[in-house]
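Close look at the chain arrangement
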Amino acid sequence: ATARLRIIVPEDRSYALSFYSNDYSDRIYINGELRGSAGTPGETPEEMVPGWEYFLFEARPVDGVIEILRQGSNFVHKDTANFVGIEIGKIEIIKQKRDVEYVFSSIIMGLFLGLFVVHIVLYLIISDFRPNLWFALFCLFWCIRTGFVDEKPLWGALPDIPWVLVYKLGCISIASSGILILMIVHDEFEGVLNKWVVRIIILGYALYIIYYIFADTLSISNVKIGPEILMGIMGIYIAIRLVLVMHARFKSGEVGFEQVISI
């Protein structure tokens with residue numbers, strides 16, 4: 001498919017154009033000149049190679065217009081391509097904004113990594129308190145996820161990792177996080193969650209994880225929202241059980257300091 005966007009600009013000077021490619025494949029022309037590509041668009045699934053890139057171009061208008069033409073093919077994802085998210089402006093401002101966003105994502109990733117180290121050390125010191133282990137793994141998953149979504153600082157450092165693997169890691173991280181959150185609450189607040197409910201939810205997430213590992217990305221994209229819906233149901237269930245059970249425990253003074261901190 002081919003799509004064209006004509007941008008009327010107020011001044012005859014250089015502008016910065018900043019945007020992400022589609023997750024599948026993208027070929028970018030600006031004012032008729034090929035400026036970049038992500039993956040390899042093709043007419044068949046065999047010819048197409050999925051890919052992702054962050055684009056930052058400089059361009060001058062022609063007769064007051066900057067024209068962006070995008071060619072792409074998609075055999076790997078249910079979503080369609082669009083022009084949403086393109087930023088245009090002064091070169092120095094666009095570059096500064098990109099740098100700030102990249103640094104911010106890197107800081108968040110570093111904070112998750114730091115929390116992982118702290119809590120894995122705590123678990124090694126107090127091995128019978130398993131919530132430290134679950135929370136350490138949760139932080140590790142989100143350190144990796146943060147590195148591969150939005151600004152993708154980790155992918156920038158490891159550009160040879162295939163797009164398919166990155167996409168699957170992002171999906172698996174959501175389902176895995178659901179299991180870890182459930183285990184944190186289950187072990188931290190003993191007796192609050194019904195064991196049969198915990199097992200059903202874990203089984204649901206596990207089935208999604210197995211599916212994500214073996215299925216193709218097109219099939220995954222059609223059921224990607226499943227773990228997020230399950231996460232919402234799980235959150236409501238946990239909140240209701242905490243209110244019902246912990247309210248009585250607070251009154252009787254059975255709640256420990258660790259549980260208060262966790263809440």
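Up top is the structure these notes are about.
Below is a short write-up of the structure.

Criteria and cut-off values
- Residues numbered from 1 in each chain as written.
- Predicted model: local features only at pLDDT ≥ 70, side-chain atom pairs only at ≥ 80, totals over all residues.
- Heavy atoms only, no water.
- Helix = DSSP H or I, 4+ residues; strand = E, 2+ residues; numbered from the N terminus.
- Rg over C-alpha atoms; globule rule 2.2 N^0.38 Å.
- Buried < 20%, exposed > 50% of the residue type's maximum accessible area, 1.4 Å probe, protein only.
- Contact = heavy atoms within 4.5 Å.
- Areas by Shrake-Rupley, 256 points an atom, 1.4 Å probe, with all protein chains shown as cover.
- Lys, Arg positive; Asp, Glu negative; His and termini not counted.
- Charge placed at Lys NZ, Arg CZ, Asp CG, Glu CD.
- 1 Å grid on protein atoms, 1.4 Å probe; cavity = no way out; pocket = protein on both sides within 12 Å on 5 of 7 lines; lining within 4 Å.
- Points joined across faces, edges and corners; volume = space filled by probe spheres on them.
- Nonpolar A, V, L, I, M, F, W, Y, C, P; charged D, E, K, R; others polar.
- Pairing = 2+ DSSP bridges.
- Axes fitted to C-alpha atoms, helices over the stretch in contact; angles between N-to-C directions.
- Salt bridge = Lys/Arg side-chain N within 4 Å of Asp/Glu carboxyl O.
- Patch = residues over 30% accessible without salt bridge, like charges linked within 9 Å, V, L, I, M, F, W, Y side chains within 5 Å.

**A word on the overall build of the chain**
- Summing up its helical and strand segments, the chain has 8 helices and 7 strands in all.
- Against the 2.2 N^0.38 benchmark of 18 Å for 263 residues, the chain shows a C-alpha radius of gyration of 23 Å, more extended than a compact globule.
- With the principal axes as the frame, the chain shows a C-alpha extent of 75 × 40 × 30 Å.
- Burial analysis of the chain (263 residues in total) assigns 41% to the buried set.
- Across the chain, every contact between residues at least 6 apart in sequence was considered, and the portion connecting residues at least 24 apart equals 73%.
- In the structure as shown, the chain presents an accessible area of about 14800 Å², 64% of it carried by carbon and sulfur atoms.
- When the 22 positive and 28 negative side-chain charges of the chain are each reduced to one mean point, those points stand 5 Å apart.

**A few points about the layout of surface pockets**
- Quantified by volume, the largest pocket comes out at close to 800 Å³.
- Looking at the largest pocket, it is lined by 33 residues, and the ones nearest its centre are Asp23, Trp52, His77, Lys152 and Lys224.
- When contributions to the lining of the largest pocket are tallied by element, the ones reaching two or more residues are β2 (15-20), α2 (131-148), α4 (163-188) and α7 (225-252).
- A per-class count over the lining of the largest pocket returns 16 nonpolar, 8 polar and 9 charged.

**Let's talk about the sheet that holds strand β6 (residues 65-71)**
- On the basis of which strands lie adjacent, the open sheet formed by 4 strands has the order β1-β6-β3-β4 and antiparallel pairing. Among the strands making up the open sheet, the edge pair consists of β1 (2-8) and β4 (33-38). The sheet shows a mean angle of 20° between the axes of neighbouring strands, direction not considered.
- Of the pairings in the sheet, the one linking strand β3 (residues 26-30) to β6 comprises 4 bridges and is antiparallel in character. Directly across from Ile30, in β6, lies its bridge partner Ile68.

**Some words on the pattern of salt bridges**
- By the definition in use, this model includes 9 salt bridges.
- For the salt bridge of Glu11 with Arg13, the shortest nitrogen-to-oxygen distance reads 3.1 Å.
- In this structure Glu11 comes out as partly exposed when scored by relative accessible area, which is 45%.
- When salt bridges that share partners are traced, they join Glu87, Lys97 and Glu101 into one network.

**Topic: the pairing of β2**
- Across the 6 residues that make up β2, a large majority, 5, are buried.
- By the bridge criterion, 6 bridges tie β2 to strand β5 (residues 54-59) in an arrangement that is antiparallel. When the sheet's bridge partners are listed, Ala16 is paired in β5 with Glu58.
- As paired strands, β2 and strand β7 (residues 87-89) are joined by 3 bridges and run antiparallel to one another. Bridged to Ala16 within β7 is Gly89.

**Quick look at a nonpolar patch on the surface**
- On the surface, Leu113, Val117, Val118, Val121, Leu122, Ile125 and Ile126 cluster together into a nonpolar patch covering about 570 Å² of accessible area.
- Summarising the element assignment, Ile126 is placed in the loop between α1 (91-125) and α2.

**A word on the sheet that holds β2**
- Across the sheet, which stays open at both edges, the 3 strands sit in the order β5-β2-β7 with antiparallel pairing between neighbours. Edge positions in the open sheet fall to β5 and β7, since each of these has one partner strand only. Strand after strand, the sheet turns through a mean of 15° between neighbouring axes, direction not considered.

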